[in-house]
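Secondary and tertiary structure notes
The primary structure of each chain is shown beneath.
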Amino acid sequence: MRLESTAFADGGEIPARYTCEGEDLSPPLVWSEVPPGAQSFALVVEDPDAPDPAAPKMTWVHWIVYNLPAEARALPEGGRLPAQAHSGLNDWHRTGWGGPCPPIGRHRYFFRLYALDAVLTPARSVTRAMLAQAMAGHVLAQAELMGTYQKRRR
């Protein structure tokens, strides 16, 4: 499976438009080469470099989306979700996209898309750990896109 964005290349810099220094929109995403039997997709966006890439202490969750329909092959800029899809809790304790806003240094942001052989039972306030548990044994394929971002010096 492949995951791409028209906003940045894999390994490239995420434009400020998609960060706390811009409009804080989620970037557009497209995927292809979906395995047969996929019933839904889940997306997790994480920063493993928090708070400082020189001394990371945690992985910061920026976005959780699950139950994207099997026929979906894209998410538009701004992350408008199909009706059956759900957003989980990010590490700001809110649903939806929370763009890059690193306190220091250049951070890496991993967009991971999972093709699942099931539609997950929606729950309120799904966290990364809850999603991982629900996906266990259901992942058919995974695709990854990584972008970087560092705040501008003022």
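As the structure is a prediction and not an experimental result, all values here were calculated from the model.

The strand order across the open sheet formed by five strands is E6-E4-E3-E7-E8, and the pairing between neighbours is antiparallel. The strands lining the two open edges of the sheet, one partner per strand, are strand E6 (86-87) and strand E8 (139-149). Docked against the sheet, helix H1 (residues 128-135) engages strand E3 (40-50), strand E4 (58-69), strand E7 (107-116) and E8, running at close to 135 degrees with respect to E3.

If you walk across this open sheet you meet the three strands as E1-E2-E5, and the pairing is antiparallel. The open sheet terminates on both sides in strands that have one partner only, identified here as strand E1 (2-4) and strand E5 (74-75). In the sheet, E1 pairs with strand E2 (residues 29-32) via three bridges, with the strands oriented antiparallel. When the bridges of E2 are listed, Arg 2 appears paired with Ser 32.

Here we come to the pairing of E7. The two faces of the sheet receive side chains in turn, since in a regular strand these alternate between them. Where burial is concerned, most of E7 is hidden: nine out of the 10 residues are buried. Taken together, the seven bridges between E3 and E7 define a ladder with antiparallel strand orientation. Residue pairing for E7: Ser 40 is matched across the bridge by Leu 116. Sheet topology note: the E7/E8 ladder contains 10 bridges and is antiparallel.

Cut-off values and rules
- Residues numbered from 1 in each chain as written.
- Predicted model: local features only at pLDDT ≥ 70, side-chain atom pairs only at ≥ 80, totals over all residues.
- Heavy atoms only, no water.
- Pairing = 2+ DSSP bridges.
- Helix = DSSP H or I, 4+ residues; strand = E, 2+ residues; numbered from the N terminus.
- Contact = heavy atoms within 4.5 Å.
- Axes fitted to C-alpha atoms, helices over the stretch in contact; angles between N-to-C directions.
- Buried < 20%, exposed > 50% of the residue type's maximum accessible area, 1.4 Å probe, protein only.

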